[in-house]
Amino acid sequence: MSKIYRIFFFVVIVLITKTTSAQIGKDTVPTSVNVELENIFNSKTPKEYTIAAIKVTGTQSFDANLIVSISGLAVGDKVMIPGTDAFSKAINNLWKQNLISNVEIYFTSLIGKNLYVEINITERPRVSNFKFVGVKKSEADDLIKKTGLVKGRVVTENMKRSAEDNIRKFFVEKGYRNIDVQVVEKKDTAITNSVLLTFIVDKKNRVRVNEINFAGNDKVSDTKLKKQMKGTKEMSRLTLHPSKDINPYSDKNNSLSFKEYLKENDYLFPSKTKELVDPYFRFKLSSAKFNDKKYAEDKNKILDYYNSLGYRDAVIVADTQYYNNKGDMNVAIKLQEGHKYYFGNITWRGNTKYSDSILNVFLGIQKGETYNVETLNKRLGKQASQEGGDISSLYMDDGYLFFRIDPVETAVYNDTIDHEIRIVEGPQATIGNVTISGNDKTKEYVIRRELRTIPGEKFSRQDIIRTQRELSQLGFFNPEKITPGVVPNVDNGTVDINWGLEEKSSDQLELSAGFGGGIGLTGTLGVTFNNFSIYNIFKKTAWSPLPVGDGQKLSLRVQSNGKAYRSYNFSFTEPWLGGKKRNSFTVSYYDTKYANAYDPLTGAYSNSAADTSFIKTTGFGISLGKQLKWPDDYFSIVYSLNLQQYKLKNYSIFPGLKDGNSTNISFKVTLARSSAGPNPIFPTNGSNFALSVQLTPPYSLFRDVSFYKDPIQKYKYVEFHKERFNAEWYVPIGTAHGEDKNKQFILKAAAKYGFINRYTNKTDISPFERFQLGDAGLSNTFAILGYDIIAHRGYPVYDNSDPKINPDQSTASQYFTIFNKYTLELRYPFSTSASSTIYGLAFFETANGWYSFKDYNPFKLRRSVGLGMRFFLPMFGLLGFDYGIGLDRIQPGQGLKSAGKFTFMLGQEPE
């Protein structure tokens, strides 16, 4: 029904006996015939009347009082007739609500100056249900959200048009640019004044970008320009080299699939001459869809690319899109490149803190270099970055918070541009008040000891960045929500900082079961409290459910399968021993028993058999760490003292030894530097280095060689020296989606080395503490001997140094004294929120182990490639899997499948 504004003013000459739907004012409507109502508009002079009552008719779901309220009319209002616009305004007010399809206002009676009014409305129908036809179920679910349709909503033309537009927009973004949408409205007989809406969607064929053509680009090739268009791609092209007798553009050939074409014309293609070249065949891929928003972004990227090459005057003169006879889109872009420019003289003005020569070094732009305004702004620090090394960082790291810098073009001649860099240094700012908010669990002193922003000290941008990293490394707060609220006070030259935090769950629960390792089904129960408070352990009020907030770490873990295997682990860490310096203190204890619980007489596992044949390991460790100031405060040193006791009973693990005890007392020193961050779960920059030396007492220096001929004496005291070096780098290599820095590819490069040896030739190299290579870094029964377990994805555990020997054909029984491992990982985050960190990765990995320097060859490495996923959930820790292909495991004639291997991890990333 079309929109009609109507008002009817009737003189009712008949007796009014209608029942009112609602009446406001007097309780009864006069029933006598009012002759004066006939002449109400015939008067030549306006007269004032009073609205005595208002009646509403035609309502079905709306309250009559609501209709009167919306109209703006009220009992007692004074109106001049003729001449008033109160009734036309009432109709407008009701119509603007989009709740009614028609409204009429009647004068029903006039007694003296009292006027009786009736408002008659026709309500719009409501949506009883709606559906989408011609779309997939998943698309329909998305359309419900996109259209905003809700059952019970009043149906208007605008609502239907808006839903139709949103449907079109949804599918246009998916490439269906010729979509047709029809709305069918049908009365619902089951519900009063309701309709059923059906949206009939004809998506038609998806429109792809067939070709992108450029004109006017004399200096830059089409290929380079197309590479800048990340969101607008041509259809992939596949070409064959057929004989000249075959027309590759014929309808027959284009109607065949690639495989069909090869099959029918195989005689034309020698097996080694099938090449992929010019565009004879096209395959439609989703990446070739056209999106208006991304296309607009891509045009800006083209101009940005020209600007980076010095063509600062480059413009897009015109662009258009048109369709070919197959319904695919061609894009044409006409460019005007302009001249190429170069940097000329660069002068400085306003700098008193640093000389021109120092600023020129930091700027790093020489006269004659290709002009690039983006490079200029980046070197000046006008683009936000945490990397530093620019002019703004130089000043702001020295307290110049009010610093400003502006590059001004002073001359443009021929192809050269001169600049004057104008600087306003301002005063050095001092940190005023430092406040903390959002720490609901963690005590304030735990946070303050991590802050580099100290009241009274000079402001430093680098201190802000470093504090963000330190707070993130705690693991108690959402890294994305750690915000320094910097409030400059220009009047007194100070700056207040409010650290805004958001607590996240940092405790972890490990509850799992696994099968394997020669011991069958094994259950694991472990808990780690990363923000524990041992100081409040005896305070009843602090248990809610556990005492937390002092930043200490408590870990408990139990593994068992009942008979063959059980393990208990405990550790406690105080990161700030004494509370004044970053001196960490850790104490740990573990007890592990692996038994040969199989009874050959009964053919079953039994406790009695487990008590007669086993190996048991008990260990205790204590360590003290200290943060160093030199070479910088990213360095730390950790001293560890460890004691392990190995007990064998009727268990043959070394030649000639079935019973006896072995004791391993060692001292370990680790020098580390850790700057990776800011999120410890998914670092995006920085590096980690660790160099360790582990030593046992040199017993052999004080004993005769004959002492070691007795196997029991030979292994009674473990003797070795062991060196390890680990290095990791994290480098951002690009932004995946526009300016979203949380969707950035990260390259991780890692190198690991290990070496264990003896002090003298009187004894063999220790069978303890060696290096196990292969698999997912999970232990087997030999892990209780203290082996370092080094993962190598795509390979089982191996003990042969020759990469040509397939490790699948043997079971490892001894482990290496030397190993090298190198890893490259390309990571991409899908989520970095506090509730879950999820990222995918592709890796290339090489590793190998050797038994002596005589055999050592750092170039003989086993190689693997693969893909993986990592899921970090605060409650459960790390969950991950990789699928690796051992390139040196590939069997002739069996392809890659024979060399593939899945690996899983739980709890922590393996080495």
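Residues numbered from 1 in each chain as written. Predicted model: local features only at pLDDT ≥ 70, side-chain atom pairs only at ≥ 80, totals over all residues. Heavy atoms only, no water.

Novice: Looking at this structure, I do not really get the overall build of the protein. What am I missing?
Specialist: The number of helices and strands found in the protein is 15 helices and 39 strands. Counting across all 911 residues of the protein, residues that qualify as buried make up 43%. Long-range pairs, those at least 24 residues apart, make up 62% of the contacts in the protein with a sequence separation of at least 6. Split by element, the accessible area of the protein, about 47100 Å² in all, is 54% carbon and sulfur. (Helix = DSSP H or I, 4+ residues; strand = E, 2+ residues; numbered from the N terminus. Buried < 20%, exposed > 50% of the residue type's maximum accessible area, 1.4 Å probe, protein only. Contact = heavy atoms within 4.5 Å. Areas by Shrake-Rupley, 256 points an atom, 1.4 Å probe, with all protein chains shown as cover.)

Novice: Sorry, what's going on with helix H4 (residues 157-173) here?
Specialist: Counting along an α-helix, one turn takes 3.6 residues, and residues three or four places apart therefore face a common direction. For H4, spanning 17 residues, the distance from its first C-alpha to its last is 24 Å, which sits close to the expected 24 Å at 1.5 Å a residue. Where H4 is concerned, the buried positions are Met159, Lys160, Ala163, Glu164, Ile167, Phe170 and Phe171. The arc that holds the buried residues of H4, viewed along the axis, is 135 degrees, so those residues lie on one side. Within two residues after H4, Gly175 carries a phi angle of roughly 105 degrees, on the positive side. (Expected span 1.5 Å × (residues − 1). Arc of directions from axis to C-beta.)

Novice: What's the story with the side chain of Ser393 in this structure? I'm lost.
Specialist: Summarising the element assignment, Ser393 is placed in helix H11 (residues 391-396). Given the relative accessible area of 3%, Ser393 is considered buried. Aside from chain neighbours lying at most four places away, what touches Ser393 is Gly388 and Arg461.

Novice: I'm lost on the nonpolar core in this one. Help?
Specialist: Grouped burial of nonpolar side chains is what soluble globular proteins tend to show. The biggest cluster of nonpolar side chains holds 27 residues, and the ones touching the most others in it are Ile40, Ile81, Phe87, Phe107, Leu115 and Ile119. Among the secondary structure elements, those contributing two or more residues to this core are strand S2 (47-57), helix H1 (64-71), strand S3 (78-81), helix H2 (86-96), strand S4 (100-111) and strand S5 (114-123). (Core = buried A, V, L, I, M, F, W, Y, C linked by side-chain atoms within 4.5 Å.)

Novice: For this particular structure, what's the right way to read the packing of aromatic side chains?
Specialist: The description of two aromatic rings rests on the distance between their centres and on the angle between their planes. This structure, assessed with the given rule, holds 32 aromatic pairs. Here Phe476 and Phe477 contribute two aromatic rings whose centre-to-centre distance is 6.2 Å and whose plane-to-plane angle is 70 degrees, an arrangement assigned as edge-to-face. By the burial criterion, Phe476 is buried, and Phe477 matches it. Look at Phe902 and Phe904: their rings are 6.3 Å apart centre to centre, the planes differ by 20 degrees, and that puts the pair in the stacked class. On the basis of relative accessibility, which here comes to 53%, the residue Phe904 falls in the exposed class. Ring pairing ties together the aromatic residues Tyr354, Tyr395, Tyr400 and Phe403, which thus form one cluster. The ring of Trp95 is capped by Arg124, whose NZ or CZ atom sits 5.7 Å from the centre of that ring. One residue, Arg793, lies across the ring of Phe843, its end atom 3.9 Å from the ring centre. (Phe/Tyr/Trp six-rings, centres within 6.5 Å; stacked < 30°, edge-to-face > 60°. Lys NZ or Arg CZ within 6 Å of the ring centre and 35° of its normal.)

Novice: How do you make sense of the sheet that holds strand S15 (residues 404-413) when you look at a structure like this?
Specialist: Sheet strands pair via backbone hydrogen bonds, and the direction of the pair is either parallel or antiparallel. Overall, mixed pairing links the three strands, which are arranged S14-S16-S15 in an open sheet. Each edge of the sheet is formed by a strand with only one pairing partner; in this case those strands are strand S14 (342-349) and S15. If you compare each strand with its neighbour and ignore which way they point, the axes differ by 25 degrees on average. Sheet analysis places S14 next to strand S16 (residues 416-424), joined by six bridges and oriented parallel. If you follow Phe343 over to S16, its bridge partner there is Ile417. Across the face of the sheet, helix H10 (residues 373-380) comes into contact with S14, S15 and S16 while running at roughly 150 degrees to S15. (Pairing = 2+ DSSP bridges. Axes fitted to C-alpha atoms, helices over the stretch in contact; angles between N-to-C directions.)

Novice: Which parts of the structure should I look at to understand the sheet that holds strand S6 (residues 126-133)?
Specialist: Strand order in the open sheet formed by three strands is S6-S8-S7, and the pairing between neighbours is mixed. The open sheet has two edge strands, S6 and strand S7 (180-187), and neither has a second partner. Each strand axis lies, on average, 20 degrees off the axis of its neighbour in the sheet, ignoring direction. Direction of pairing for S7 relative to strand S8 (residues 194-202): antiparallel, over a ladder of eight bridges. Pairing of Val184 across the sheet is with Thr198, part of S8. Along the sheet, H4 makes contact with S6, S7 and S8, crossing S7 at roughly 145 degrees.

Novice: Would you mind going over the pattern of salt bridges with me for this structure?
Specialist: Opposite charge on two side chains allows them to pair when their charged atoms are near. Taken as a whole, this structure holds 41 salt bridges when the rule is applied. A salt bridge links Arg452 to Glu470; the shortest N-O distance between them is 3.7 Å. Taken as a pair, Arg452 in the loop between helix H12 (444-448) and helix H13 (461-474) and Glu470 in helix H13 lie far apart in primary sequence, 18 residues in all. Across the pair, exposure class does not vary: Arg452 and Glu470 are buried alike. The closest approach of N and O atoms between Glu470 and Arg469, which form a salt bridge, is 3.4 Å. Accessibility expressed as a relative area gives 7% for Glu470, which makes it buried. In the salt-bridge network here, residues are joined through shared partners; they are Glu450, Arg452, Arg466, Arg469, Glu470, Arg582 and Asp633. (Salt bridge = Lys/Arg side-chain N within 4 Å of Asp/Glu carboxyl O.)

Novice: Before we go on, may I ask you to explain H10 in this structure?
Specialist: All of the buried residues along H10 are Leu376, Asn377 and Leu380. Buried residues in H10, looked at end-on, bunch into an arc of 95 degrees, giving them a common side. Along its buried surface, H10 packs onto S14, helix H9 (356-363), H11, S15 and S16. Sitting at the amino-terminal end of H10 is Asn372, which places a side-chain oxygen 3.0 Å from the backbone nitrogen of Glu374. Of the residues one or two after H10, Gly381 is the one with positive phi, at around 90 degrees. (Polar contact = N/O pair within 3.5 Å; in protein donor to acceptor, adjacent residues only side chain to side chain.)

Novice: Even after reading the chapter, I still don't get the packing of H1 against H2, so can you show me in this structure?
Specialist: Two packed helices can be described by the angle between their axes and the distance between those axes. Look at H1 against H2: their axes get within 7 Å of each other, and the N-to-C directions meet at 115 degrees. Two secondary-structure elements touch here, H1 through Ile67, Ile70 and Ser71 and H2 through Lys89, Ala90, Asn93 and Leu94. Residue classes in the contact of H1 with H2 are distributed as four nonpolar, two polar and one charged. (Nonpolar A, V, L, I, M, F, W, Y, C, P; charged D, E, K, R; others polar.)

Novice: It is not clear to me how the confidence of the model for the protein should be interpreted in this structure. Could you clarify?
Specialist: Per-residue pLDDT for the protein averages 83, and the proportion of residues at 70 or more is 85%. The least confident element of the protein is strand S1 (residues 23-25), whose mean pLDDT is 38; the most confident is strand S30 (residues 686-695), at 96. Segment residues 1-33 is flagged for pLDDT under 50; beyond a separation of four residues in sequence, or across chains, it makes 75 contacts in the model. Every residue in residues 265-286 scores below 50 in pLDDT, and together they form 54 contacts with partners more than four places removed in sequence or on other chains. (pLDDT = per-residue confidence, 0-100.)

Novice: For this particular structure, what's the right way to read unusual backbone geometry?
Specialist: Leaving glycine aside, a negative phi is the common case for residues, and trans is the common case for peptide bonds. Residue Pro631 is bonded to the preceding Trp630 through a cis peptide linkage, with omega at 5 degrees. By the secondary structure assignment, Pro631 is in the loop between strand S27 (614-627) and strand S28 (635-649). Along the chain, Gly677 connects to Pro678 via a cis peptide bond; the corresponding omega equals -5 degrees. Checked against the element boundaries, Pro678 lands in the loop between strand S29 (660-674) and S30. Backbone geometry at Lys204 places phi at a positive 60 degrees, although glycine is not the residue there. In this structure, Lys204 sits in the loop between S8 and strand S9 (209-215). The partly exposed category is assigned to Lys204, whose relative accessible area is 41%. Not every positive phi belongs to a glycine, and Asn414 is a case in point at roughly 55 degrees. Tracing the sequence through the fold places Asn414 in the loop between S15 and S16.

Novice: Would you take a moment to explain the packing of helix H3 (residues 137-147) against H4 for this structure?
Specialist: Look at H3 against H4: their axes get within 9 Å of each other, and the N-to-C directions meet at 130 degrees. In terms of their interaxial angle, H3 and H4 are classed as oblique. The way H3 lies across H4 gives a crossing that is right-handed. Seen from H3, the contacting residues are Glu139, Asp142, Leu143, Lys146 and Thr147; seen from H4, they are Ala163, Asn166, Ile167, Phe170 and Phe171. Its residues assigned to classes, the contact of H3 with H4 shows five nonpolar, two polar and three charged. (Parallel < 35°, antiparallel > 145°, perpendicular 65-115°, else oblique. Left-handed = near helix turned anticlockwise from the far one by under 90°.)

Novice: Which parts of the structure should I look at to understand the environment of Ile615?
Specialist: By the element assignment, Ile615 lies in strand S27. We classify Ile615 as buried; its relative accessible area is 0%. Residues Ile615 and Ser652, 37 residues apart in the sequence, show an inter-C-alpha distance of 9.1 Å.

Novice: Is there a simple way to think about a nonpolar patch on the surface in this case?
Specialist: On the surface, a nonpolar cluster with roughly 840 Å² of combined accessible area is contributed by Leu556, Phe570, Tyr589, Phe620, Ile622, Tyr639, Leu641, Leu643, Ile665 and Phe667. Broken down by secondary-structure element, the contributors of at least two residues to the nonpolar patch are S27, S28 and S29. Per-element accounting of the nonpolar patch gives the leading share, three residues, to S28. The class for Leu643 is partly exposed, based on a relative accessible area of 39%. (Patch = residues over 30% accessible without salt bridge, like charges linked within 9 Å, V, L, I, M, F, W, Y side chains within 5 Å.)

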